[in-house]
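Geometric and topological summary
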Amino acid sequence: MTVKSSGKNSDTVDSVLINDWHPVAHIDTLEDGVPGSARLLEVDLVIWRSSTGVHVWKDQCAHRGTKLSLGSVCENRLVCAYHGWEYQVDGVCVRYPAHGHQKPSPRAKATTYAVEQKYGLIWVCLGTPANDIPPFPEIDDDTHRLYFGGHFCYNTSAQRGIENFLDFAHFPFVHAGYLGEQPHTEIKDYDIEVSETGLVVRNVKVWQPKPTNSIDCEGMEVDYEYYVNRPMTARLVKKMGIRNRDKTEAVESIMLAMTPVEPDKAIAWVLLASNYDDVLSDADVKAFTELIIGQDIRIVESQRPKLLPLKIRDEIHLQSDKSAVAYRRWLKSIGVTFGTTAG
């Protein structure tokens, strides 16, 4: 379900990100009758469910600015905790309890935003959606099992998180024993395609000592492809050249969506699709994801500046970094500014 937005965020000038989709919650965490909260692009949000679906509004009562997330849901209305003002699903206040016979002012309404549910996540757009939610083809085609790897707080810019996702030269050092291992540190050349709609990185070859958690095999060189469809969302496809139990090619895909909370703070949402690790439990996948992301966070949060430099000369780049260089140039070309330093 898509709900039309009734307001834009006046505090953030990055129109690219305002008009894009961002995940703010997993659907399983939203309790009936209890509003939740989130923060996106420096805007506080209230998330609540009625009989008609999920709603995401600015977390502010029109009366005294109290957070609506402190309230409750009663008979398909969101009720403010301060004075009991009642808002119906379109954001319009329909009752002042202190003046039960008075018709509420037309100004008494909440700021509502566009919202959709997909891949188990609640996605929000603060402006007018310029694109669809980034695709996850393996799930859309119903050929893989979907796992939720969890959500993780990054005390750095969302772009630093995406760039780290595109960086495979760190595998032997940050993820030794899992995604890489010395002395297999050499990065072969790979291919990049850049267009207005994003990046595609192909023919990435990396040696991994443990290419799969559920198929017994030796360490091997695996093939990675990366797709960056939107500034804050990237997906990788991993192929190992082996067959799964159904004798089809074993393929794993991971989507990383970085929600920009503040310029230097983000939340990572990890989704995994697999046609071979389907014997693993959700808890198994979440535990492994926590291990790998935990190793990344320690490094990424230490990077300075926290905001991603878009001026290429501000940092030193090698041939193996060309995916990062392409990502920075693409962000600059489409006008992304939130979470970056001037290019």
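For the structure itself, look to the data block above.
Below or above, wherever it landed, is the structure these notes cover.

This paragraph deals with unusual backbone geometry. Cis geometry marks the peptide bond from glutamine 182 to proline 183; its omega dihedral reads 10 degrees. Relative to the elements of secondary structure, proline 183 occurs in the loop between α4 (171-174) and β12 (191-195). That bond from arginine 304 to proline 305 is cis: its omega, 0 degrees, falls within 30 degrees of zero. The topology assignment puts proline 305 in the loop between α5 (282-300) and β18 (308-309). Even without being glycine, leucine 41 reaches a positive phi, approximately 50 degrees. Along the chain, leucine 41 turns up in the loop between β2 (36-40) and β3 (43-50). Judged by relative accessible area, which is 0%, leucine 41 ranks as buried. Within the chain, glutamate 75 stands out as a residue other than glycine whose phi angle is a positive 50 degrees.

What follows covers the environment of serine 51. Considering the arrangement of structural elements, one finds serine 51 in the loop between β3 and β4 (53-58). Judged by relative accessible area, which is 60%, serine 51 ranks as exposed. Considering only alpha carbons, one finds serine 51 and arginine 77, 26 residues apart in sequence, at a separation of 10.0 Å.

Ordered by their spatial adjacency, 6 strands build an open sheet running β1-β10-β9-β4-β3-β2, and the pairing between neighbours is antiparallel. Lying at the two open borders of the sheet, with one neighbouring strand each, are β1 (22-26) and β2. This sheet shows a mean twist of 35 degrees between the axes of neighbouring strands, independent of strand direction. Where strand β9 (residues 112-118) meets strand β10 (residues 121-125), 5 bridges bridge the pair, whose relative direction is antiparallel. Bridging from a neighbouring strand, glutamine 117 pairs with isoleucine 122 of β10.

The subject of this paragraph is the packing of aromatic side chains. What the rule picks out here adds up to 11 aromatic pairs. Taking the centre distance of 5.9 Å and the plane angle of 90 degrees together, the rings of phenylalanine 165 and tyrosine 226 count as edge-to-face. Here phenylalanine 165, found in helix α3 (residues 158-165), pairs with tyrosine 226, found in strand β14 (residues 220-230); they are 61 residues apart in sequence, far enough to count as distant. Considered together, phenylalanine 165 and tyrosine 226 belong to a single accessibility category, that of buried residues. Relative to tyrosine 224, the ring of phenylalanine 171 lies with its centre 5.9 Å away and its plane at 55 degrees, an arrangement referred to as tilted. Of this pair, phenylalanine 171 sits in helix α4 while tyrosine 224 sits in strand β14, placing them 53 residues apart in sequence. A relative accessible area of 6% places phenylalanine 171 in the buried class.

Let's shift gears to the sheet that holds strand β7 (residues 86-87). Taken in spatial order, the 4 strands of this open sheet run β5-β6-β7-β8, and their pairing is antiparallel. Bordering the open sheet on either side are β5 (72-74) and β8 (93-95), each of which pairs with just one other strand. Bridging between strand β6 (residues 77-79) and β7 involves 2 bridges; their strand directions are antiparallel. Across the sheet, valine 79 pairs through a bridge with glutamate 86, a residue of β7.

Further remarks concern the nonpolar core. By size, the foremost hydrophobic cluster in this structure holds 68 residues, and its most contacted members are Ile47, Ile122, Leu126, Tyr154, Tyr226 and Tyr327. Leaving out residues up to four positions away in the same chain, tyrosine 327 has contacts with Gln159, Ile162, Glu163, Leu166, Leu199, Val228, Pro231, Met232 and Leu308. One finds Leu121, Cys125, Ile133 and Ile139 within the second-largest nonpolar core, a separate group that totals 17 residues.

Another aspect to go through is the environment of asparagine 244. Of note, asparagine 244 is situated in the loop between β15 (233-243) and β16 (249-262). In this structure, the C-alpha to C-alpha distance between asparagine 244 and asparagine 275, residues 31 residues apart in sequence, is 7.6 Å.

Below, the discussion takes up the packing of α3 against helix α6 (residues 322-334). Between α3 and α6, the least distance of the axes is 9 Å, while the angle of their chain directions is 145 degrees. In the crossing of α3 with α6, the sense of the turn from one axis to the other is right-handed. Mapping the contact onto sequence places Gln159, Arg160, Ile162 and Glu163 in α3 and Ala324, Tyr327, Arg328 and Leu331 in α6. Looking at the contact of α3 with α6 residue by residue, the class counts come to 4 nonpolar, 1 polar and 3 charged.

About the criteria used
- Residues numbered from 1 in each chain as written.
- Predicted model: local features only at pLDDT ≥ 70, side-chain atom pairs only at ≥ 80, totals over all residues.
- Heavy atoms only, no water.
- Helix = DSSP H or I, 4+ residues; strand = E, 2+ residues; numbered from the N terminus.
- Buried < 20%, exposed > 50% of the residue type's maximum accessible area, 1.4 Å probe, protein only.
- Pairing = 2+ DSSP bridges.
- Axes fitted to C-alpha atoms, helices over the stretch in contact; angles between N-to-C directions.
- Phe/Tyr/Trp six-rings, centres within 6.5 Å; stacked < 30°, edge-to-face > 60°.
- Core = buried A, V, L, I, M, F, W, Y, C linked by side-chain atoms within 4.5 Å.
- Contact = heavy atoms within 4.5 Å.
- Left-handed = near helix turned anticlockwise from the far one by under 90°.
- Nonpolar A, V, L, I, M, F, W, Y, C, P; charged D, E, K, R; others polar.

The values are spatial; any link to function lies outside them.
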